[in-house]
Amino acid sequence: MSLLPLIRHYVAKKRPRLQAELDWFKGQPSLDAAVDAAALEIDAMGKPLMNQCRITPEAIRQGHARLLAVRDQLRTCRTFDNLHSVVEGAVTSVPGLGELYFYDTALRIAAHLGLEPESVYLHRGTRAGA
């Protein structure tokens, strides 16, 4: 099977929505606002982001509190990898938060900070498939 049809489908159907989401995070008025939205998993309409629908409200609350506690570290990150490490380190011990949350939350905060991943990150499901 050729990857070209999959790539075309992603570019046509998925990328515009995901880019709009990242643009919204980029346009947050402050880092605190970006961290709030990213950690609480809410979109421009104030609704839960679909990617994280299985995370409990308690896990989201704990993750949010821990990320606010490290916001000064987040502010000083100069690479996505560094930012991802700070996010993961802050919330890794929260039951119910895993690799996908670490990456998605870091990506959304990174959009606000003007950082982009320079590597491919594979979390549990994609890593198993690879």
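Everything numeric here is computed off the predicted structure, so don't read it as measured data.

Helix packing for two helices is described by the angle between their axes and how far apart those axes are. Look at helix H2 (residues 31-40) against helix H6 (residues 99-113): their axes get within 9 Å of each other, and the N-to-C directions meet at 155°. By the angle between their directions, the pair H2 and H6 is classed as roughly antiparallel. The handedness of the crossing between H2 and H6 is right-handed. Counted together, Leu 31, Ala 34, Val 35, Ala 38 and Ala 39 of H2 and Tyr 101, Thr 105, Arg 108, Ile 109, His 112 and Leu 113 of H6 form the full contact between these two elements. A per-class count over the contact of H2 with H6 returns eight nonpolar, two polar and one charged.

As a further point, take the packing of aromatic side chains. Ring pairs (aromatic) are described by centroid distance and by the angle formed between their planes. Across all of its chains, the model carries four aromatic pairs by this definition. Centre to centre, the rings of Phe 80 and Tyr 103 are 5.6 Å apart; their planes meet at 65°, and the pair counts as edge-to-face. Of this pair, Phe 80 sits in helix H5 (residues 80-91) while Tyr 103 sits in helix H6, and the two are 23 residues apart along the sequence. For the pair formed by Phe 80 and Tyr 103, the shared burial category is buried. When the ring of Phe 80 is compared with that of Tyr 121, the centres are 5.3 Å apart and the planes differ by 80°; the resulting orientation is edge-to-face. With Phe 80 in helix H5 and Tyr 121 in the loop between H6 and helix H7 (124-129), the pair connects residues that are 41 residues apart, well separated along the chain. Residue class for Tyr 121 comes out partly exposed when judged on its relative accessible area of 22%.

What follows concerns a nonpolar patch on the surface. Nonpolar side chains collect at one region of the surface, where Leu 3, Leu 4, Leu 6, Ile 7, Tyr 10 and Val 11 lie side by side and expose about 540 Å² of accessible area between them. The topology assignment puts Ile 7 in helix H1 (residues 4-26).

Rules used in this analysis
Residues numbered from 1 in each chain as written. Predicted model: local features only at pLDDT ≥ 70, side-chain atom pairs only at ≥ 80, totals over all residues. Heavy atoms only, no water. Axes fitted to C-alpha atoms, helices over the stretch in contact; angles between N-to-C directions. Helix = DSSP H or I, 4+ residues; strand = E, 2+ residues; numbered from the N terminus. Parallel < 35°, antiparallel > 145°, perpendicular 65-115°, else oblique. Left-handed = near helix turned anticlockwise from the far one by under 90°. Contact = heavy atoms within 4.5 Å. Nonpolar A, V, L, I, M, F, W, Y, C, P; charged D, E, K, R; others polar. Phe/Tyr/Trp six-rings, centres within 6.5 Å; stacked < 30°, edge-to-face > 60°. Buried < 20%, exposed > 50% of the residue type's maximum accessible area, 1.4 Å probe, protein only. Patch = residues over 30% accessible without salt bridge, like charges linked within 9 Å, V, L, I, M, F, W, Y side chains within 5 Å. Areas by Shrake-Rupley, 256 points an atom, 1.4 Å probe, with all protein chains shown as cover. Salt bridge = Lys/Arg side-chain N within 4 Å of Asp/Glu carboxyl O.

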